[in-house]
Amino acid sequence: MSTFTLDPQTFTALVMEHQAALYRTARSLLSNPQDVEDAAQQAICAAFAHREQLREPEKFKAWLLRILVNTCYEQLRRQRRTVELSAVEDTLTAPGQDPTESISLWQAVLALPEPMRCVVTLFYYEDCTIAQTAQILNLSQGAVKTRLSRARDQLRKLLTED
């Protein structure tokens, strides 16, 4: 069995290719933009430091996203259970304004509970298969399918409210 290690140039090119996926996935788990950037940077550094552990180069995206998800979860565990005003100021609307009038699909996805939000982001925005999503999130394929179904129901409700 031969050992495969990504050279720094190839690693950098692959990270650049998947940077939008990294951001969207981290954003689906973390609300603060600085936390999203920190988690992505930490995941990239961890992946680079352990790039010799990647056995199959064609699975780079799933491998990197798994590291990112673990980094986000670790960051969430460290955070205190407080809510900053800046995190909710966008949801505070003027009297009489209907907040659902201009809701976009991405805003609706971000309104989902975290377990559903991450599954939807990986499956629909990052084109991961059910199996890849299950592997990245360390869930069974059945759990992924259930979360997707429930998320679709909630999104339908969010987007069709009058």
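Anything mentioned here points back to the structure above.
Residues numbered from 1 in each chain as written. Predicted model: local features only at pLDDT ≥ 70, side-chain atom pairs only at ≥ 80, totals over all residues. Heavy atoms only, no water.

Let's shift gears to the pattern of salt bridges. Inspection of every chain in the model, using the stated rule, returns 5 salt bridges. For Arg78, the salt bridge identified is with Glu74, shortest N-O distance 3.0 Å. Residue Arg78 and its partner Glu74 are located together in helix H4 (residues 60-78), separated by 4 residues, close to a single helical turn. Arg78 gets classed as exposed once you look at its relative accessible area, which sits at 51%. Since its relative accessible area comes to 40%, Glu74 is described here as partly exposed. (Salt bridge = Lys/Arg side-chain N within 4 Å of Asp/Glu carboxyl O. Helix = DSSP H or I, 4+ residues; strand = E, 2+ residues; numbered from the N terminus. Buried < 20%, exposed > 50% of the residue type's maximum accessible area, 1.4 Å probe, protein only.)

Glancing now at the side chain of Thr71. Mapped onto the fold, Thr71 is located in helix H4. Take Thr71: its relative accessible area is 12%, and that puts it in the buried class. A distance of 2.8 Å separates a polar side-chain atom of Thr71 from the backbone oxygen of Ile67. Sequence-distant contacts of Thr71, defined by excluding residues within four places in its chain, comprise Ala39, Gln42 and Ala43. (Polar contact = N/O pair within 3.5 Å; in protein donor to acceptor, adjacent residues only side chain to side chain. Contact = heavy atoms within 4.5 Å.)

Now for helix H2 (residues 19-29). Listed as buried for H2 are Ala21, Leu22, Thr25, Ala26, Ser28 and Leu29. Burial along H2 is one-sided: seen end-on, the buried residues are contained in an arc of 155°. Looking at the buried residues of H2, the elements they touch are helix H1 (8-17), helix H3 (33-49), H4, helix H6 (105-111) and helix H7 (114-125). (Arc of directions from axis to C-beta.)

Looking at the element boundaries, Arg51 is found in the loop between H3 and H4. For the buried Arg51, no salt bridge exists, and the shortest N-O distance to an oppositely charged side chain is 5.7 Å, to Glu52. At 2.7 Å, the side chain of Arg51 forms a polar contact with the backbone oxygen of Leu6. (Lys, Arg positive; Asp, Glu negative; His and termini not counted.)

Moving on, we come to the packing of H1 against H4. Contact pair H1 / H4: the axes reach a minimum separation of 11 Å and the direction vectors enclose 75°. On the basis of their axis angle, the class for H1 and H4 is roughly perpendicular. Of H4, the residues touching H1 (which contributes Phe11, Leu14 and Val15) are Phe60, Trp63 and Leu64. Considered class by class, the residues forming the contact of H1 with H4 number 6 nonpolar, no polar and no charged. (Axes fitted to C-alpha atoms, helices over the stretch in contact; angles between N-to-C directions. Parallel < 35°, antiparallel > 145°, perpendicular 65-115°, else oblique. Nonpolar A, V, L, I, M, F, W, Y, C, P; charged D, E, K, R; others polar.)

Here the structure, examined in full by the defined rule, presents 0 disulfides. The thiol of Cys128 is not disulfide-bonded; the next cysteine sulfur, from Cys118, is found 9.5 Å away. (Disulfide = S-S within 2.5 Å.)

A few words on the nonpolar core. Across soluble globular proteins, nonpolar side chains show a tendency to be buried alongside one another. Counting residues in each nonpolar core, the largest one holds 41 residues, and the members touching the most others are Phe60, Leu65, Leu68 and Ile136. Secondary-structure elements contributing two or more residues to this core are H1, H2, H3, H4, H6, H7, helix H8 (130-137) and helix H9 (141-160). Counting residues per element, this core draws most heavily on H4, which supplies 9 residues. In this view, Leu68 contacts Leu22, Thr25, Ala26, Ala39, Ala40 and Ala43; residues no more than four positions away in its chain are not counted. (Core = buried A, V, L, I, M, F, W, Y, C linked by side-chain atoms within 4.5 Å.)

Right, let's get into the packing of aromatic side chains. Evaluation of the coordinates by the stated rule reveals 5 aromatic pairs. On the numbers, 5.2 Å between centres and 70° between planes, the contact of Phe11 with Phe48 is edge-to-face. Taken together, the residues Phe11 in helix H1 and Phe48 in helix H3 connect sequence positions 37 residues apart. Each ring, one from Phe60 and one from Trp63, has its centre 5.8 Å from the other, and the planes form 50°; the classification is tilted. A residue pair is termed a helical-turn pair when its members lie 3 or 4 positions apart in one helix, as Phe60 and Trp63 do in helix H4 at 3 residues. On the basis of relative accessibility, which here comes to 1%, the residue Phe60 falls in the buried class. These aromatic residues form a ring-pair network of at least three members: Phe11, Phe48, Phe60 and Trp63. Directly above the ring of Phe48 sits Arg51, whose terminal nitrogen or CZ lies 4.0 Å from the centroid. (Phe/Tyr/Trp six-rings, centres within 6.5 Å; stacked < 30°, edge-to-face > 60°. Lys NZ or Arg CZ within 6 Å of the ring centre and 35° of its normal.)

Read these as geometric descriptors, not functional statements.
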